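Secondary and tertiary structure notes
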Amino acid sequence: MALRAVLRNKRTLSGLFSQLSINTNHGRVCASTVLATHQRNNSTSSKISVNLDQSTGVAVMHMQSPPVNSLSLDFLTEFCISLEKLEMDKSCHGLIITSSVPKVFSAGLDILEMYGKSPERCGEFWKAVQEMWLKLYSSNMVTVAAINGSSPAGGCLMSLTCDCRIMVDNPRYSIGLNETQLGIVAPFWFKDTMVNTVGHRHAEMGLALGVLYSPTEALKIGLVDQIVPEDKLMTTAEQIMAKWLAIPAHARQITKSMMRKPTIDKLTSKREADVQNFVSFITQDAIQKSLRTYLEMLKKRKA
Amino acid sequence: MALRAVLRNKRTLSGLFSQLSINTNHGRVCASTVLATHQRNNSTSSKISVNLDQSTGVAVMHMQSPPVNSLSLDFLTEFCISLEKLEMDKSCHGLIITSSVPKVFSAGLDILEMYGKSPERCGEFWKAVQEMWLKLYSSNMVTVAAINGSSPAGGCLMSLTCDCRIMVDNPRYSIGLNETQLGIVAPFWFKDTMVNTVGHRHAEMGLALGVLYSPTEALKIGLVDQIVPEDKLMTTAEQIMAKWLAIPAHARQITKSMMRKPTIDKLTSKREADVQNFVSFITQDAIQKSLRTYLEMLKKRKA
Amino acid sequence: MALRAVLRNKRTLSGLFSQLSINTNHGRVCASTVLATHQRNNSTSSKISVNLDQSTGVAVMHMQSPPVNSLSLDFLTEFCISLEKLEMDKSCHGLIITSSVPKVFSAGLDILEMYGKSPERCGEFWKAVQEMWLKLYSSNMVTVAAINGSSPAGGCLMSLTCDCRIMVDNPRYSIGLNETQLGIVAPFWFKDTMVNTVGHRHAEMGLALGVLYSPTEALKIGLVDQIVPEDKLMTTAEQIMAKWLAIPAHARQITKSMMRKPTIDKLTSKREADVQNFVSFITQDAIQKSLRTYLEMLKKRKA
């Protein structure tokens, strides 16, 4: 499976551009900053800020990698390290994930990680995406996604791995696994997570059409659990967190494992093959050419 | 599994009759014409009309086998050949299936194919039913069912295999896998398709009780995706088709395969056994006797 | 898997107590009577009353083991024997299960069966719980749960195994697999039955949080099929039963088996291991100590 990017023609490329623009409400800034993000890959500035409240045992993780919190290798590495630290911290029981970037939760996988990279590097990137999913979906902490902006593709996946999803009720924000709209395909474990959340039929239709749901639509099909006004988001997230933390931890954890283990085991057992699939697909000349055309268009729009 | 017709007593038989009458709103005409259909099995007149619009790449298939578009071996053969032609036609990307027969989409499997036939012929019939399901459920085309009449049993199955279902909002039309009401049982792959569409619990209850849902009820449980006034059916079907065709084809096709392949593989791997089950069941003396009693009753009602 | 009781601190214990009190609306009486039930374990008085109406073929089973119809070994044994008798009675086609105890359908597994018992006795108890589930979930009869009171944990499980659930629309009654609230975990086959009824996501959230749903909430997620005023419960149960019995029996039974067999086979193939898991868990010193603390608290409250 793995990603099967194609982006073979102008229609798809401009479709992606306008979609990003519309979704994030950032217009040209949004598209141009994907490149900017890439250029800062070696920056030592933190892409993630974590604050753990010792009195409640709840950590709040702010994703702060403008313009769109795209999931680059650096971002994912920092994300997983933060997660691991919290997981091992006996005083931390819950994690709220949110964004410091206005109007965007996370735009998903960083396309620049897939262009002009060696097979080794592509494989490293894909392993990091897998690792993020594996760590979040099986976390012993209570995880709440406080979705305060658009959350397409990988951003939606990140939300789906949490125990609970609260989204700001703003019709300009959207959420969904919209990979097909870009000519690519969500891998099987994205799909499994979606099916576990909204059921087979909504997953089938949502994935086939690459639907980006408004908060109201997302609530209706169960893609998010609650929608709230923007200024109530963190308070609500904390209230929900308190409800989850009131449950004896070991019982909650065993129950979570019972529900999610089959899905996790499926990727674990096919992990290496999934990486190989991704690498052999993404390094094809045709795909690389499509990506180059796409990136050139982004640069042109920026100018 | 396979069909397990029984129809052991008058209550069941008259139940079937009245159900067909009620559902199709055809009264005696409906029941009597089942026989008529059978007598035309060797007719060379086309049971299916296909029109492909080269400008849109969308084919519209009208089922035109009065009185109830029942799925006879001839019908299924013609249906599968039409489907195969469209599938191989590079210019065809989408298929809308609808009925030319008033008030009926399709009444399902032709009972006459199961009576007084040799085991070989019964097996051939069952293979054709499997083939129809396999071809439709795995089609590379976008398939939309424009359901403009009642659609019980095999008619419902046909609808379920499409990517999308739109039904005319007429409370006299109904849809569902109502096999148990006739004393027979939907085979496992009918059941799997139902579960994939409406989930385990609605499938369990719908199959056990043989529920025929009104359009409103069908919409509520997700058995159809949209209900529209009769005069808006084809326009809506075309609009939905356009939305699906806007998605890059290969991404949509791979996603569809990812969602449906496990269900398809299940029948493929058990196909021969499924045929044998059907044949050995349907050729039993008790079942054949029940069918004869039933058919005699239909003739009598007709007279 | 099996039960993984813990109850390691006062908060959990008093949480359990207040929850039982609130749910059953029995306050101290409720808690105290758990012990009373235990003391009557060797009583020869019947815990279950069964009335079979020969004219309709419908049996009504009243659970009459005050104060809370808790599922002790004696209760389960008597329950399974009654069930087996009805199953073999050719004149019996349907079973309505309800409670004679005011405000409680069943409070679930009797905690006293897990305290101070030999491993052999614990194993015997767990086999009886399995047996109850296996018999009900695969019953050839139409089974309707007429839920006229609270139905937490094992009481909810019993309801879930029926073909149909009708609940009295009284907001003081609740239903759900609330094991985690007590620091214990529902075993995999409780979970499977829940997933089959309400889907993966509602099961995940309901099990993790140990949610006890009001009748209205239970209806909304599909945990029950219908809610009715208390005085309409039995009439409605009988009407629904009549609808199910109108379906040819063998077709209904084969369909039921097709839907439920995979879930049943899963426990059947792991039955002995599931017993061992339960016994080795429940007989741990730490667990026994927790149970003792809990039971002492109940006695104290009673005094």
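Residues numbered from 1 in each chain as written. Chains lettered and ligands numbered in written order. Predicted model: local features only at pLDDT ≥ 70, side-chain atom pairs only at ≥ 80, totals over all residues. Heavy atoms only, no water.

1. Points about the interface of chain C and chain B
Here is the rule we go by: By the convention used here, residues are in contact when the closest approach between their heavy atoms is within 4.5 Å. Summed over both partners, the accessible area (1.4 Å probe) lost when two parts come together is defined as the buried area. When a carboxyl oxygen of Asp or Glu is within 4 Å of a side-chain nitrogen of Lys or Arg, the pair counts as a salt bridge.
Counting from both sides, the interface comprises 19 residues of chain C and, opposite them, 24 residues of chain B. Overall, the association of chain C and chain B removes approximately 1800 Å² of surface from exposure, summing both partners, and the carbon and sulfur fraction of that is 68%. Taken together, the links from chain C to chain B amount to two salt bridges. A salt bridge links D225(C) to R201(B); its shortest N-O distance comes to 2.8 Å.

2. Considering the pattern of salt bridges
Inclusion rule: Here a strand is any run of E in DSSP of at least two residues, a helix any run of H or I of at least four, and the numbering for each starts at the N terminus. For each residue, the accessible area found with a 1.4 Å probe, counting protein chains only, is set against the maximum for its type, and the residue is called buried under 20%, exposed over 50%, and partly exposed in between.
Scanning the model with the defined rule gives 38 salt bridges over all chains in all. Between R260(A) and D163(A) there is a salt bridge; the shortest N-O distance is 4.0 Å. Placement of the pair is R260(A) in helix α10 (residues 249-282) and D163(A) in the loop between α5 (153-160) and β6 (164-168), with a sequence separation of 97 residues. By relative accessible area, which is 1% here, R260(A) ends up buried. Residues K261(A) and D265(A) are paired through a salt bridge, measuring 2.8 Å at the closest nitrogen-oxygen approach. Here K261(A) and its partner D265(A) are both found in helix α10, four residues apart, which amounts to about one turn of the helix. Taking relative accessible area as the criterion, D265(A) reaches 34% and is therefore assigned partly exposed. Members of the salt-bridge network, linked through shared partners, are D163(A), D225(A), K256(A), R260(A), R201(C) and E204(C).

3. Observations concerning helix α7 (residues 200-209) of chain C
Residue and element names in this part refer to chain C. Across the ten residues of α7, nine count as buried, placing the element largely inside the fold. Listed as buried for α7 are H200, R201, A203, E204, M205, G206, L207, A208 and L209. Just downstream of α7, G210 is the residue with a positive phi angle, here 60°.

4. Here's the deal with the packing of aromatic side chains
Stated formally: Each aromatic pair joins two rings of Phe, Tyr and Trp (for Trp, the six-membered one) with centres within 6.5 Å, and gets the label stacked for planes under 30 degrees apart, edge-to-face for over 60, and tilted for any other angle. Remark: a charge is flagged as sitting over a ring if the NZ atom of Lys or the CZ atom of Arg is within 6 Å of the ring centre and within 35 degrees of the ring normal.
Summed over the entire model, instances satisfying the criterion amount to 21 aromatic pairs over all chains. Consider the rings of W189(B) and F190(B), whose centres lie 5.0 Å apart with planes at 65°: the pair is edge-to-face. With relative accessibility at 0%, the residue W189(B) sits in the buried group. Through a chain of ring-to-ring contacts, the aromatic side chains of F125(A), W126(A), W133(A), Y137(A), W189(A), F190(A) and F278(A) assemble into a single cluster. In this structure, K270(B) is placed above the aromatic ring of F188(B), and the distance from its NZ or CZ to the ring centre is 5.3 Å.

5. Thoughts on the interface of chain B and chain A
Stated formally: Contacts described as polar in this section are N or O atom pairs within 3.5 Å, which, within protein, must combine one atom able to donate a hydrogen with one able to accept it, while residues neighboring in sequence count only if both atoms come from side chains. Throughout, the ten residues Ala, Val, Leu, Ile, Met, Phe, Trp, Tyr, Cys and Pro are labelled nonpolar, Asp, Glu, Lys and Arg are labelled charged, and all others, Gly among them, are labelled polar.
At the interface, 19 residues of chain B touch 24 residues of chain A. Between chain B and chain A, a total of about 1800 Å² is buried, with carbon and sulfur atoms accounting for 68% of that surface. Counting across the chain B and chain A interface gives two salt bridges. Salt-bridge contacts for R260(B) lead to E204(A); the nearest nitrogen and oxygen are separated by 2.8 Å. Counting every contact that joins chain B to chain A gives seven residue pairs in polar contact (both at pLDDT 80 or more). Every element with two or more residues in the side of chain B that touches chain A is listed here: β6 (164-168), α6 (188-198), α9 (233-245) and α10 (249-282) of chain B. Ranked by residues supplied to the side of chain B that touches chain A, first place goes to α10(B) with eight residues. Among the residues making up the side of chain B that touches chain A, the classes are represented as nine nonpolar, four polar and six charged.

6. Here we look at the sheet that holds strand β1 (residues 48-53) of chain C
Residue and element names in this part refer to chain C. We apply this condition: Should DSSP find at least two bridges between two strands, the strands are regarded as paired. Lines are fitted to the C-alpha atoms to define the axes, a helix being fitted only along its stretch in contact, and any angle between axes, read from their N-to-C directions, falls within 0 to 180 degrees.
Taken together, six strands build an open sheet; the order of strands is β1-β2-β3-β4-β6-β8 and the sheet is mixed. In this open sheet, the two strands that pair with only one neighbour each are β1 and β8 (226-228). Ignoring strand direction, the axes of neighbouring strands in this sheet form an average angle of 20°. Direction of pairing for strand β2 (residues 58-63) relative to strand β3 (residues 94-99): parallel, over a ladder of six bridges.

7. Comments concerning the relation of the copies chain B and chain A
What counts here: Each copy is superposed on the other by least squares, with the fit set by C-alpha atoms of residues at a pLDDT of at least 70 in both.
For the pair chain B and chain A, the best superposition has an RMSD of 0.0 Å and corresponds to a rotation of 120° with a translation of 0.0 Å parallel to the axis. The superposition of one copy onto the other is thereby described by a three-fold rotation axis. It is G199(B) whose C-alpha, among those of chain B, lies nearest the rotation axis, at 4.2 Å.

8. Some details on the packing of helix α4 (residues 119-137) of chain C against helix α6 (residues 188-198) of chain C
Residue and element names in this part refer to chain C. Rules: Note on angle classes: values under 35 degrees are labelled roughly parallel, values over 145 roughly antiparallel, values of 65 to 115 roughly perpendicular, and the remainder oblique. Each crossing gets its handedness from the near helix: less than a right angle anticlockwise from the far helix is left-handed, clockwise is right-handed.
Here α4 crosses α6 at 25°, and the two axes come no closer than 12 Å. The pairing of α4 with α6 is recorded here as roughly parallel in orientation. Judged by the sense of rotation from one axis to the other, the crossing of α4 with α6 is left-handed. Across the interface between the two elements, W126, V129, Q130, W133 and Y137 from α4 touch W189, T193 and N196 from α6. When the residues that make up the contact of α4 with α6 are grouped by side-chain class, the tally is five nonpolar, three polar and no charged.

9. Focus: the side chain of T143(A)
All names here are of chain A. Here T143 lies in strand β4 (residues 142-147). Residue classification places T143 among the buried residues on the basis of a relative accessible area of 0%. If we ignore the near neighbours within four places in the chain, the residues touching T143 are L95, L136, T161, C162, D163, C164 and K256.

10. What to know about the sheet that holds strand β2 (residues 58-63) of chain B
Residue and element names in this part refer to chain B. The six strands are arranged β1-β2-β3-β4-β6-β8 in an open sheet whose pairing can be described as mixed. Where the open sheet ends on each side, the last strands, each with one partner, are β1 (48-53) and β8 (226-228). Neighbour-to-neighbour, the strand axes of this sheet turn through a mean angle of 20°, independent of strand direction.

11. Here's the deal with the packing of helix α7 (residues 200-209) of chain B against helix α10 (residues 249-282) of chain C
The interhelical angle for the contact between α7(B) and α10(C), taken along N-to-C directions, is 165°, at an axis separation of 9 Å. With respect to α10(C), the element α7(B) is oriented roughly antiparallel. For α7(B) against α10(C), the interelement crossing comes out right-handed. Residue-level inspection shows H200(B), A203(B), E204(B), L207(B) and A208(B) of α7(B) in contact with α10(C), the latter providing R252(C), T255(C), M259(C) and R260(C). When its residues are assigned to classes, the contact of α7(B) with α10(C) shows four nonpolar, two polar and three charged.

12. Some remarks on the pairing of β2(C)
Residue and element names in this part refer to chain C. Heads up, the rule is: Seen with its strands pointing away from the viewer, a crossover is right-handed when the path leading from the first strand over the helix to the second is clockwise.
Of all six residues making up β2, five are buried, and the element is well covered by its neighbours. Two strands pair when backbone bridges link them, and β1 and β2 are joined in this way by six bridges, in the antiparallel orientation. Its bridge partner lying in β2, D53 is registered against V58. Counted along the chain from β1 to the antiparallel partner β2, the turn is four residues long, and its residue G57 has a positive phi close to 75°. For the handedness criterion, the β-α-β arrangement of β2, helix α3 (residues 73-88) and β3 is classed as right-handed.

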